[in-house]
Amino acid sequence: VQGTGGSSAVSKCSAAARGYIQDRFLRLLAGRRRRRAPLIHRGYYIRARAVDHCVQDFLLKTQSLPRTQILSLGAGFDSLYFRLKDMGLLHHTVVYEVDFPNVACQKATLIKRMKELSALVGDTGGEGLGAITFSGEDYKLLGVDLSELSELERALEEAGLNNEIPTLFIAEVVLTYMENTRSDALIQWAAEHFPQACFLVYEQVHPEDPFGRVMQQHFSQLNCALRSLAQYPDCEAQQRRFLGKGWTECNVMDMNEFFTCCIPEDEQQRVQTLEPFDEYEEWHLKCSHYFVLAASKGMEPSWTPLLPSVTVPRHAGPVGMAGSVPAAVCARLSGIPGLRRYGHHSVPIKPGVILTTGGFGEESGQHCRMRNFHVLSKHAGYWKAVCVTQNIPDKRWGERLYHTVSCLSDTLALVVGGRTSPSSAGLGMLWLKFPKTCNASDPGDVSVELVSLPPAAEAAALRWRHSTTEVTFKGEQYLFVYGGRSALEPVLGDWYFLHTPELSFTAIAVEGPVPESRHSHSACSWEGGVLIAGGLGAAEQPLGSVFLLRELEHGFQWQTVETHPPLVPRYSHTAHVHEGKLLLIGGVWFHASSVPGITVIDLMTGLCLDYVINVEHLEWPLMLHNHSSVFLPNEKELLVIGGGGNCFSFGTHLNPEPVALSLSSILVSH
């Protein structure tokens, strides 16, 4: 548990070095320095921002009072006191910090050694008295085990903590490491002994969904299990916990809501453009698995730092599920490491034969961008897969993620876009050529050829997280390339009509309301046009709109497809159309009480039904984002290949094997 404090200080320090947070004291306290990944920077930014938001609100609301105090529980190597003191916010506030005795001693030694720190605090030489390891005018550092409440109480009393003045308690990822009986006792003790008090908590939530299971496993492996999650698995349970232990007011929000509601738009944009970033799914999942809570009692006026400054339409209440869809692993496809990947693309090249390309995954025991292709085909009722490595000049294929592959004939497919790293320009187009007889028993050679495009057409290909869909206009075949993002544009809303087979770009008139820019949406061919659903919009907010691009005599027209109840906004899902129904599979949404399963939209009536995926027969968490899926109409079955991602600092999760979802119960023909 003590180790977690050190590593979080290093991560905060790295975030400060990249300009996410302003804090010149972190580097003095963190000790070692390491550069963390952009995803980690964002995660620690939102954590620091949530705590600061509440602390500064407390100081603002109590600034006219003669005296207040802050008690930081399990403070570790946090720089809170030094930041507040430096900003001139502690005129009448004393800060008390408590942590394990050896952590408090290490921190005290650091403060004494560092001129920048000791000059701010002014050593009054009170250490050695009881549990005090460092004592300044307005700063006391105590070494006590928080789970020993009577010791804590005695130590705080000796250090001069005053029960009668407004007090802010801070517990930033601390209570969850304690046994529930002890953390509950601490929460109740604070309410009973301090007539005017506020309590700020930041920690994890939602242990049982796929991301939550990976998160729990990570902390268990570190030997510091998250103990509060079983009893308090969601924000509502945490709120009930505080209200039941003597606190009269309590607001709580997860970090997606906090980012959207409590951080001004210009600041959101600043953070989103600090470094090249392309891990939206993992960022939003991380945010839905952490909450900030502000409880208070006896405060006049009442302390409510988490009332949103802007009202954002929330999807109220749990998503009602119309039924469930069983998931089963595909016999004989387990143990093929190359199928463990995400950001890849799978396309049927003929009935019962699938080509999977690109993405990031596992190859010869290493995590890397995937160079090899896989051909899957069904033989006597069973899927079989084979890895195809030949004829792939590395530079041309470019180990791409988030590309599209469109099959144009039984021997030819076109790859459009994709990327290597998010800071590099997108990749152009490639032809994939394969024999007519290609299958998993005899794949033959798959050859790759570069498509040379006229400069004007390059922009169509230099993108990723886009869609490429077959459309028909005046009896001719076109590919409709839409949306996505590029190295320069975080979100695109343009489109191109690409006439096949010679790949010339054609101007075709499009009328009607233009859909807002998006990437990571889904696109399906339907009745000669295209159905676009969901996606991530300009402010990194999921979209719930569905559009139909419909063929008219002289061109196409955008039409909005109204759904009822409204579609829960989502992105990073896959989609298929079957007999007038649009099926959306998985994805990421902000609605934390459940994960997206399968949504069926009736395109005639607009009726929208959500189905949960029953995973009781899977022995591992099924992550349905950045996956690929192929619909098999005869079997009314979906084959899900790959999926997963880099779960914040908890490790990379790749779905270990393809999964079959049986849709026969929900696709009953009427």
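Analysis parameters
- Residues numbered from 1 in each chain as written.
- Predicted model: local features only at pLDDT ≥ 70, side-chain atom pairs only at ≥ 80, totals over all residues.
- Heavy atoms only, no water.
- Helix = DSSP H or I, 4+ residues; strand = E, 2+ residues; numbered from the N terminus.
- Rg over C-alpha atoms; globule rule 2.2 N^0.38 Å.
- Buried < 20%, exposed > 50% of the residue type's maximum accessible area, 1.4 Å probe, protein only.
- Contact = heavy atoms within 4.5 Å.
- Areas by Shrake-Rupley, 256 points an atom, 1.4 Å probe, with all protein chains shown as cover.
- Lys, Arg positive; Asp, Glu negative; His and termini not counted.
- Charge placed at Lys NZ, Arg CZ, Asp CG, Glu CD.
- Domains from an automatic or database assignment.
- Buried area = accessible area lost by both parts, 1.4 Å probe.
- Salt bridge = Lys/Arg side-chain N within 4 Å of Asp/Glu carboxyl O.
- Polar contact = N/O pair within 3.5 Å; in protein donor to acceptor, adjacent residues only side chain to side chain.
- Nonpolar A, V, L, I, M, F, W, Y, C, P; charged D, E, K, R; others polar.
- Core = buried A, V, L, I, M, F, W, Y, C linked by side-chain atoms within 4.5 Å.
- Axes fitted to C-alpha atoms, helices over the stretch in contact; angles between N-to-C directions.
- Parallel < 35°, antiparallel > 145°, perpendicular 65-115°, else oblique.
- Left-handed = near helix turned anticlockwise from the far one by under 90°.

If you tally the helices and strands in the protein chain, you get 15 helices and 38 strands. Relative to the 2.2 N^0.38 estimate, which gives 26 Å for 670 residues, the radius of gyration of the protein chain is 28 Å and therefore close to what a compact globule would have. C-alpha atoms of the protein chain, sized along the principal axes, occupy 85 × 50 × 45 Å. Each of the 670 residues in the protein chain was classed as buried or not, and the buried ones make up 58%. Restricting the contact set of the protein chain to residue pairs at least 6 apart, pairs at least 24 apart contribute 66%. Accessible area of the protein chain: about 26100 Å², with a carbon and sulfur share of 51%. The average position of the 55 basic charges and that of the 69 acidic charges among the side chains of the protein chain differ by 5 Å.

Under the domain assignment used here, the protein chain contains domain 1 (49–257 + 288–297) and domain 2 (321–662). The distance between the C-alpha centroids of domain 1 and domain 2 comes to 46 Å. Summed over both partners, the interface of domain 1 with domain 2 buries about 1200 Å², with 73% contributed by carbon and sulfur atoms. When residues of domain 1 are sorted by the area they lose upon contact with domain 2, Pro210, Phe211 and Val214 head the list and together hold 41% of the total. Here domain 1 is connected to domain 2 by 0 salt bridges. The interface formed by domain 1 and domain 2 contains 0 residue pairs in polar contact (both at pLDDT 80 or more). Looking at the side of domain 1 that touches domain 2 residue by residue, the classes come out as 6 nonpolar, 4 polar and 3 charged.

Ranked by size, the top nonpolar core spans 81 residues in total, and within it Val55, Ile70 and Phe258 carry the most contacts. Here this core gets 12 residues from one element, more than from any other, and that element is helix 3 (residues 38–61). In terms of domain composition, this core takes at least three residues from each of domain 1 (49–257 + 288–297) and domain 2 (321–662). If we ignore the near neighbours within four places in the chain, the residues touching Phe258 are Ile46, Arg49, Ala50, His53, Met253, Ile263, Val292 and Leu306. If you look at the next biggest cluster of nonpolar residues, it comprises 37 residues, including Leu71, Leu142, Leu175 and Phe242.

A word on the packing of helix 7 (residues 149–159) against helix 8 (residues 180–193). A pair of packed helices can be characterised by two numbers: the angle between their axes and the separation between those axes. The N-to-C vectors of helix 7 and helix 8 enclose an angle of 40 degrees; their axes lie 11 Å apart at closest approach. Here helix 7 is positioned oblique relative to helix 8, judged by the angle of their axes. Crossing hand, helix 7 versus helix 8: right-handed. Of the residues in helix 8, those touching helix 7 at Leu149, Leu152, Glu153 and Leu156 are Ala185, Leu186, Trp189 and His193. Class assignment for the residues of the contact of helix 7 with helix 8 results in 6 nonpolar, 1 polar and 1 charged.

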